[in-house]
Amino acid sequence: MTTTTAGITTATAATAAVTVVTDDTFEDEVLASELPVLVEFTAAWCGPCRQIAPVLKELATEEAGRLRIVEIDVDTNPRTQAAYNVLSMPTLMLFRAGEPVKSLVGARPKARLLRDLADVLD
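Residues numbered from 1 in each chain as written. Predicted model: local features only at pLDDT ≥ 70, side-chain atom pairs only at ≥ 80, totals over all residues. Heavy atoms only, no water.

### Comments concerning the confidence of the model for the protein chain
For clarity, the cut-off: Every residue carries a pLDDT, the predictor's confidence in it, which falls somewhere between 0 and 100. Contacts between residues were defined by any pair of non-hydrogen atoms, one from each residue, lying within 4.5 Å.
Taken over all residues, the pLDDT of the protein chain has a mean of 90, while the share at 70 or more is 88%. This model gives residues 9-14 a pLDDT under 50, and the stretch forms 11 contacts once residues within four places in sequence are excluded.

### Description of the state of the cysteines
What counts is decided by this rule: The disulfide criterion used throughout: a pair of cysteine sulfur atoms within 2.5 Å. In this scheme, a residue with accessible area under 20% of its type's maximum is buried, one over 50% is exposed, and one in between is partly exposed, where area comes from a 1.4 Å probe on protein chains only.
As enumerated under the stated definition, the model contains 1 disulfide in all. In this model C46 forms its disulfide with C49; the gap between the sulfur atoms is 2.3 Å. What sets the handedness of the C46 and C49 disulfide is the S-S torsion sign, and at about 80° it is right-handed. A relative accessible area of 2% means that C46 is categorised as buried.

### A short note on the pattern of salt bridges
Filter applied, for reference: The salt bridge criterion pairs a side-chain nitrogen of Lys or Arg with a carboxyl oxygen of Asp or Glu, the two atoms within 4 Å. Only runs of H or I of at least four residues qualify as helices and only runs of E of at least two qualify as strands under DSSP, and these elements are numbered from the N terminus.
Throughout the structure, instances matching the rule amount to 8 salt bridges. Residues R68 and E29 are paired through a salt bridge, measuring 2.9 Å at the closest nitrogen-oxygen approach. Here R68, found in strand β5 (residues 68-73), pairs with E29, found in helix α1 (residues 26-31); they are 39 residues apart in sequence, far enough to count as distant. Overall, the relative accessible area of 22% leaves R68 in the partly exposed class. The closest approach of N and O atoms between E63 and R66, which form a salt bridge, is 2.7 Å. By relative accessible area, R66 is classed as partly exposed at 36%.

### A short note on the pairing of β5
Here is the rule we go by: Following DSSP output, two strands are said to pair if at least two bridges run between them. When the strands point away from the viewer and the connection leading from the first strand across the helix to the second strand turns clockwise, the crossover is called right-handed.
Bridge count between strand β3 (residues 19-20) and β5: 2 bridges; the pairing is parallel. Within the sheet, the bridge partner assigned to T19 lies in β5 and is V70. Looking at chain direction, strand β4 (residues 37-42) and β5 are connected through 6 bridges and run parallel. Its bridge partner being in β5, V39 is matched across the sheet by V70. Traced from β4 through helix α2 (residues 47-62) to β5, the parallel crossover comes out right-handed.

### Topic: the sheet that holds β3
This is how the line gets drawn: The angle between two axes is taken between their N-to-C directions and runs from 0 to 180 degrees, where each axis is a line fitted to C-alpha atoms and a helix contributes only its stretch in contact.
Here 5 strands make up an open sheet; going across it, the order is β3-β5-β4-β6-β7 and the pairing mixed. The open sheet is flanked by β3 and β7 (99-105), the only strands paired with a single partner. Where β4 lies against strand β6 (residues 91-96), 5 bridges are found, and the strand directions are antiparallel. Among the inter-strand pairings, E40 is bridged to a residue of β6, identified as L92. Strands in contact with α2 are β4, β5 and β6; relative to β4, the strand with the most contacts, it is inclined by about 160°. Lying over the sheet, helix α4 (residues 110-121) contacts β4, β6 and β7, oriented at roughly 165° with respect to β7.

Below you can see the structure in the form of structure tokens.
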């Protein structure tokens, strides 16, 4: 997409964001999604969660249309955390057709995350 302002044309890339979900929206946003969904179980106090946030934002943009990425705060959404037995943050859980198919614990670089997810995304 390009925009022109005061005679200057700039290109703007379409971006996807990491969506915030809650206990109340989890079913609609994750379980009912037609796309695979990578859920980050996170908390405000979690240093590694802050470390992986830019990686997830990049992936949300790069994989838009193929993968959705959402985050859920475990401190304010204990039902979902308990339902999936999440004990450590960050936990990344990939859902496909409403079912968890892969779980990863801990922050990791983008290249490793892509390798770790390759078998369930292809």
